[in-house]
Amino acid sequence: MNAPELLFHSAPTPLTLLDRLDQNVFNALYARSLVYNTCWEDPAVDRQALQLGADDSVMVISSAGCNVLDYALDAPARIHAVDANPRQNALLELKIAAIRRLDFEDFFAIFGEGYHPRFAELYRSSLRAELSDFAREWWDKHGVWFTSPLGSFYYHGLAGLVARGFRAYFKMRPKLAADVQDLFAAAELSEQRRIYDERIAAAMWTPAMRWVLGRQLTLSLLGVPHPQRRLVQAQHTDGVAGFVREAIEYVFRHLSVADNYFWRVYVNGRYTRECCPEYLKPDNFQALKAGLVDRIRTHTCTVTEFLHETKKPISRFVLLDHMDWMSSYHPAALVEEWNAILSRARGGARILLRSAHADPDFLRWVKVSHESRRLDEVLKIDRALAARLHQQDRVHTYAGFMVADVPG
Ligand SMILES: C[S@@+](CC[C@H](N)C(=O)[O-])C[C@H]1O[C@@H](n2cnc3c(N)ncnc32)[C@H](O)[C@@H]1O
C-alpha cells in the first residue's frame, strides 16, 4: 500500500541548487523510512494546555504514537491519530496491539528497553493478527529491530541513526560519556548544573560538534527539512549549532533531568522504569489495556484529507511542527488545511502547534474562511499560557509553542 503523496516540490521560496539536493535527499529518506522512533514533543506540557475531558474528540499527528497514548490516559471520548507516513502509524498500531495482548513485563522489554529476545515469537503468536496490512508487511520486515545486535529499537529508524551517532561519539570520548551519565544521575538541579558547567559544556561544544549539527543531512535524519533549518538559522546568530546548544543548556541547567526521558533515550538507547513515557508505567499500561486504548483510531492520510473525510466535529487539535514543513514548500496546502481545521472545529476548540519559529509568519499570511480573514485575527491565541508552559518543556528544541482557541 503506497504512502499518501506528501513529497515537497519547488515552491514560492526560491531554491538554490544545494536546497534542491537537500530536498531530494530529505524526500528520498522520508518516503521509505520510519522517521520518529519516539515522540520528540512533551505531552506533559500538552495535557496541561489541552485540559482533556470525557466528551473531547482529539485529532493528533501520530509521529511515534507515544503522545497519543499519553493523551488517552485523560480518557477523552475519541483520539484520531493521523499521519501521512504509514510507518509512523505502523509503530502506533504495534504499541496498541502489544498493550492489548501482552503483559507489562514483555511490553516494557519491547518499548522500554527496545529489546526483547523472544520478540519474533510474541509477534507471531500475539501481535501480527492485530495489525493492518501495511503494518504487518512493515513489521514482518522490521521486527528484527527489537532483537537487534545494536541492542535497541531506539537505534533504528532515521532518528535512531542520530542516536547511534551519539553512541559512537560517546564511545570515542569515554570521559565525556561518564560525565553525561553523572549528570543524568544527579539528585539535585544544582549538582546537575555544576556537572554541566564544569565538566560537559567545554568538552561538548567543539568545532566538530558544531560542524555536525550544521549539516543538513544530520537535520534530515532528525526530520528537519531545509526550510525549517532556515527558520532556525534566521533566529540564531550561531545558526543551528547555537540553537541546539541553547536548548540543551536550558534543559540541563534549568530543568531536572530525572524525568527527562526524551534526551535520556537518545543518550542511552533505552528508557528506565523511573524515567520513561507515561504509557510505559505499570498503572498507566493497565488503564490503557482496560479500555482507554480502544478510543484511538489511526488514519494514514494527510490532516486535510482526514478533516474532509470525518463528519464529526473535533474539539482538540495537536498539530506538532508539521506546518513548518508546509509553510515554505506548500503554502496553498497550508491554507487549505487551516480552512479544513476551522470548518471541522467544534466551537471553542483548542489548537496546539509547535514551530522552529518563535512566531510563525504563516499566522499572518494564511487567510481563512469566506471573509478571507487573517488566521491570527480569527484564532484567540493565548500567548501567556503558552509561554508559561513552554518553560516546563523537557524537549525544548522548538522556539515556538502556540495554544489557540477557535471562537465559540
Ligand atoms: C514534523 S514531524 C513532527 C514530529 C514531532 N516533532 C515529533 O518529534 O514527534 C511531522 C510528522 O507529521 C507527519 N506529517 C507531516 N505533514 C503531514 C500532513 N500534512 N498530514 C499528516 N501528517 C503529516 C509526518 O509524517 C511526521 O510523522
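Predicted model only: the values in this text are computed from it and were never measured.

About the criteria used
Going along each chain's sequence as written, the residues are numbered from 1 onward. Local features in this predicted model are restricted to residues of pLDDT 70 or higher, and side-chain atom pairs are both shown and tallied only at a pLDDT of 80 or more, whereas totals for entire chains, interfaces and linings draw on every residue. Where side-chain values are given, they derive from all heavy atoms of the structure, hydrogens and water being excluded. Where helices and strands are cited, they refer to DSSP runs of H or I of at least four residues and of E of at least two residues respectively, numbered from the N terminus. For the radius of gyration, the atom set is restricted to C-alpha positions; the globular benchmark scales as 2.2 Å times the number of residues to the power 0.38. The buried label applies to any residue whose accessible area, calculated with a 1.4 Å probe on protein chains only, is under 20% of its type's maximum; exposed applies above 50%, and partly exposed to all values in between. Residue contacts are counted whenever heavy atoms from the two residues lie within 4.5 Å of one another. For accessible areas, the Shrake-Rupley method is used with a probe of radius 1.4 Å. Any residue's cover is judged against the shown protein chains and nothing else. Nearness is defined per residue: one heavy atom within 4 Å of the molecule or strand is enough. Two N or O atoms count as a polar contact when they lie within 3.5 Å, although within protein this holds only if one can serve as hydrogen donor and the other as acceptor, and sequence-adjacent residues are included solely when both atoms are side-chain atoms. Basic side-chain nitrogens of Lys or Arg form a salt bridge, by our definition, when they fall within 4 Å of a carboxyl oxygen of Asp or Glu. Pairing between strands requires that DSSP locate at least two bridges from one strand to the other. To get an axis, a line is fitted to the C-alpha atoms, and for a helix only the part in contact is used. The angle between two axes follows their N-to-C directions and goes from 0 to 180 degrees. Throughout, the arc means the angular range of directions from the helix axis out to the C-beta atoms. As a per-residue measure, pLDDT reflects the predictor's confidence and takes values from 0 up to 100. Note that patches include only residues with greater than 30% relative accessible area and no salt bridge, and the join distances are 9 Å for like charges and 5 Å for nonpolar side chains (Val, Leu, Ile, Met, Phe, Trp, Tyr). Ring pairs shown here join Phe, Tyr and Trp side chains whose ring centres sit within 6.5 Å, with only the six-membered ring taken for Trp; geometry is labelled stacked below 30 degrees between planes, edge-to-face above 60, and tilted in between. Geometrically, a charge over a ring is one whose NZ (Lys) or CZ (Arg) sits within 6 Å of the ring centre while staying within 35 degrees of the ring normal.

For the rest of this paragraph, the subject is the overall build of the protein chain. What the protein chain contains, in helices and strands, is 22 helices and nine strands. Relative to its length of 408 residues, the protein chain is compact, with a C-alpha radius of gyration of 21 Å against a globular reference of 22 Å. With respect to the principal axes defined by its C-alpha atoms, the protein chain has extents near 60 × 55 × 40 Å. Relative to its full complement of 408 residues, the protein chain shows a buried share of 58%. Within the protein chain, contacts between residues at least 6 apart in sequence are counted, and of these 73% link residues at least 24 apart. Summing over all exposed atoms, the protein chain offers an accessible surface of approximately 16,800 Å²; the carbon and sulfur share of this is 55%.

So, about the site of the ligand. By nearness alone, 22 residues border the ligand, and Tyr 30, Glu 41, Ser 63, Asp 83 and Tyr 398 come closest of all. One of the backbone N or O atoms of Ala 84 is found 3.2 Å from a nitrogen atom in the ligand. Bound to the protein, the ligand loses 99% of the 590 Å² it would expose on its own. For the shell around the ligand, the element with the most residues is helix α18 (residues 322-329), which contributes three residues.

Under the criterion given, the structure shown has 29 salt bridges. Measuring nitrogen to oxygen at the nearest pair gives 3.4 Å for the salt bridge that ties Asp 393 to Arg 354. Residue Asp 393 is located in the loop between α22 (383-390) and β9 (400-405), and its partner Arg 354 is located in strand β5 (residues 345-355); the two are separated by 39 residues in the primary sequence. For the pair formed by Asp 393 and Arg 354, the shared burial category is buried. Here Arg 374 and Glu 377 are joined by a salt bridge, their closest N and O atoms 3.7 Å apart. On the basis of relative accessibility, which here comes to 46%, the residue Glu 377 falls in the partly exposed class. Three or more residues are tied together by salt bridges with common partners; here these are Glu 41, Asp 46, Arg 354 and Asp 393.

Here the focus is the pairing of β5. Most of β5 is tucked away: eight of the 11 residues are buried. Relative to β5, strand β4 (residues 314-318) runs parallel, the two being bridged by four bridges. Each bridged residue has a counterpart across the sheet, and for Ile 314 the counterpart in β5 is Ala 345. Alignment of β5 against β9, held across six bridges, turns out to be antiparallel. Residue pairing for β9: Ser 355 is matched across the bridge by Gly 400.

The strand order across the open sheet built from seven strands is β3-β2-β1-β4-β5-β9-β8, with neighbouring strands paired in mixed fashion. Each edge of the open sheet is held by one strand with a lone partner, namely β3 (296-299) and β8 (380-381). Docked against the sheet, α22 engages β5, β8 and β9, running at close to 140° with respect to β9.

Moving on, we get to helix α16 (residues 282-289). What α16 keeps buried is the set Asn 284, Phe 285 and Leu 288. All buried residues of α16 project into a common sector of 105° when viewed along the axis, lining one side. Buried positions along α16 lie against α3 (66-72), α4 (86-101) and α5 (104-113).

With that out of the way, let us pick up the confidence of the model for the protein chain. Of all residues in the protein chain, 96% attain a pLDDT of 70 or more, and the chain-wide mean is 91. Between residues 1-11, whose pLDDT stays under 50, and residues either more than four places distant or in other chains, the model counts 27 contacts.

Another aspect to go through is a nonpolar patch on the surface. The grouping of Leu 18, Leu 21, Val 25 and Leu 217 at the surface amounts to a nonpolar patch, some 370 Å² of accessible area in total. Counting residues per element, the nonpolar patch draws most heavily on helix α1 (residues 17-31), which supplies three residues. Among the structural elements, Leu 21 can be located in helix α1. For Leu 21, a relative accessible area of 52% corresponds to the exposed category.

Attention now goes to the packing of aromatic side chains. Applying the stated rule across the entire model yields 27 aromatic pairs. Here the aromatic rings of Trp 145 and Phe 153 are separated by 6.3 Å at their centres, their planes lie at 40°, and the arrangement is tilted. The same class applies to Trp 145 as to Phe 153, namely buried. When the ring centre of Tyr 155 is taken as origin, the NZ or CZ atom of Arg 167, which lies over that ring, is 4.2 Å away. For Arg 273, the ring lying beneath its charged end belongs to Phe 108, and the centroid distance is 4.4 Å.

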